[in-house]
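# Geometric and topological summary
Residues per chain are reported as follows:
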Amino acid sequence: MTDSPHILIVDDHREIRDAVSRYLEKNGFRATTARDAVEMDAILAKGSFDLIVLDIMMPGEDGISVCRRLSASMAIPILMLTALGDDTDRIIGLEVGADDYLPKPFNPRELLARIKAILRRSARHAPVTDDLAGARVRFAGWCLNTDRRLLTADDGRTVSLTTAEFKLLTVLLARPRMILSRDQLLDLTAGRSARVFDRAIDNQVSRLRRKIEIDPANPQIITTVRSGGYSLATDVETGPV
């Protein structure tokens, strides 16, 4: 049981926390609950988790803010619980780093299936990051320290990356000059189907371009391929940290 995945459930509704916790434990998972962001932070400081189930609508710091903050500081899968029919919250959640979403009210079996799918995809795509682990990756006047997730320009400027931006950049760096469709990028970075949210990749690419391109309106590093997707249009050199 100690080797089973550990899930952190963050929701201000006690009934939902308790019900989800019992259901996950019944199905072989370990589960810990938190009622808000403050309690969540205290729990995360004391232990590690394999996935966070995070409600968007919470008192104090809301789920979108929490997701953005966690994505910028740690690599942990996040499944967001959203209000039924609220596409805006879902899209924003995916853009700031969530791996999947589930609208309320939800079927516990679907929640379990989505959690298992996220964990499977996380394990399957881990080698992409591992290939670059412990490396300095140089490209187009930039150097990425993958261990520290630190991006530095040749002139010494440093740029912070969110988890979503780091995942996208490492996927591109591992496949220089390859054309990757939006669906491929979504699957490799977030581990889910594009569905109606394929524009989320466009937004992530735009934000990354604003950080690394000299002229984001005329990108030379991450180029758009008409009817194809995106490509890292530069050579990559990899060496030890």
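These numbers come from a predicted model, not from an experiment.

## Topic: the sheet that holds strand β11 (residues 222–225)
An order of β10-β12-β11 is seen for the three strands of this open sheet, with the pairing classed as antiparallel. With partners counted over all chains shown, the strands left at the sheet margins are β10 (179–180) and β11, one partner each. Sheet topology places β11 next to strand β12 (residues 229–232); four bridges connect them, and they run antiparallel. Considered in β12, the bridge of T223 is made with S231.

## A look at the environment of I221
Positionally, I221 belongs in the loop between α8 (199–212) and β11. In this structure I221 touches F139, A140, W142, I212, E213, S231, L232, A233 and T234, once residues within four positions along its chain are discounted.

## Here's the deal with the nonpolar core
Core analysis: the biggest nonpolar cluster contains 27 residues, and L151 and I222 have the highest contact counts within it. Those elements that place two or more of their residues in this core are β6 (135–139), β7 (142–145), β8 (150–153), α6 (163–173), α7 (182–189), α8 and β12. Among the elements that make up this core, the one with the highest residue count is α6 (six residues). Residues contacting I222, with those up to four places away along its chain left out, are L172, V205, L208, R209, I212, E213, Y230, S231 and L232. Counting 23 residues, the second-largest nonpolar core is a separate cluster that includes L44, I64, V66 and Y101.

## Things to note about the packing of aromatic side chains
All told, the structure shown has zero aromatic pairs when counted by the stated rule. When the ring centre of Y101 is taken as reference, the NZ or CZ atom of R114 above it lies at 5.9 Å. Here the guanidinium or amino end of R149 rests over the ring plane of F166, the centre of that ring lying 5.3 Å away.

## Some details on the environment of L8
Mapped onto the elements, L8 comes out in strand β1 (residues 6–10). Using a relative accessible area of 0% as the deciding quantity, one classes L8 as buried. Among residues more than four places away in sequence, those in contact with L8 are T32, T33, A34, M40, I43, L44, F49, L51, I52 and V53.

## Thoughts on the confidence of the model for the protein
Detail in the predicted coordinates should be disregarded across regions flagged by low pLDDT. Looking at the protein as a whole, the pLDDT averages 84, with 87% of positions reaching at least 70. Highest mean pLDDT in the protein belongs to β1 (96); lowest belongs to helix α4 (residues 87–95) (73). Contacts from residues 125–130, a stretch scored under 50 in pLDDT, to residues over four places away or in other chains number five contacts. Predicted confidence is poor over residues 192–197, with pLDDT under 50, and the contacts of this stretch with residues over four places away or in other chains come to 18 contacts.

## Considering the layout of surface pockets
In this approach the atoms are scanned with a rolling probe the size of a water molecule, which exposes any empty space left behind. The computed volume of the second largest pocket comes to approximately 160 Å³. Of the residues that constitute the lining of the second largest pocket, the class distribution is six nonpolar, three polar and four charged.

Definitions and cut-offs
Residues numbered from 1 in each chain as written. Predicted model: local features only at pLDDT ≥ 70, side-chain atom pairs only at ≥ 80, totals over all residues. Heavy atoms only, no water. Pairing = 2+ DSSP bridges. Helix = DSSP H or I, 4+ residues; strand = E, 2+ residues; numbered from the N terminus. Contact = heavy atoms within 4.5 Å. Core = buried A, V, L, I, M, F, W, Y, C linked by side-chain atoms within 4.5 Å. Buried < 20%, exposed > 50% of the residue type's maximum accessible area, 1.4 Å probe, protein only. Phe/Tyr/Trp six-rings, centres within 6.5 Å; stacked < 30°, edge-to-face > 60°. Lys NZ or Arg CZ within 6 Å of the ring centre and 35° of its normal. pLDDT = per-residue confidence, 0-100. 1 Å grid on protein atoms, 1.4 Å probe; cavity = no way out; pocket = protein on both sides within 12 Å on 5 of 7 lines; lining within 4 Å. Points joined across faces, edges and corners; volume = space filled by probe spheres on them. Nonpolar A, V, L, I, M, F, W, Y, C, P; charged D, E, K, R; others polar.

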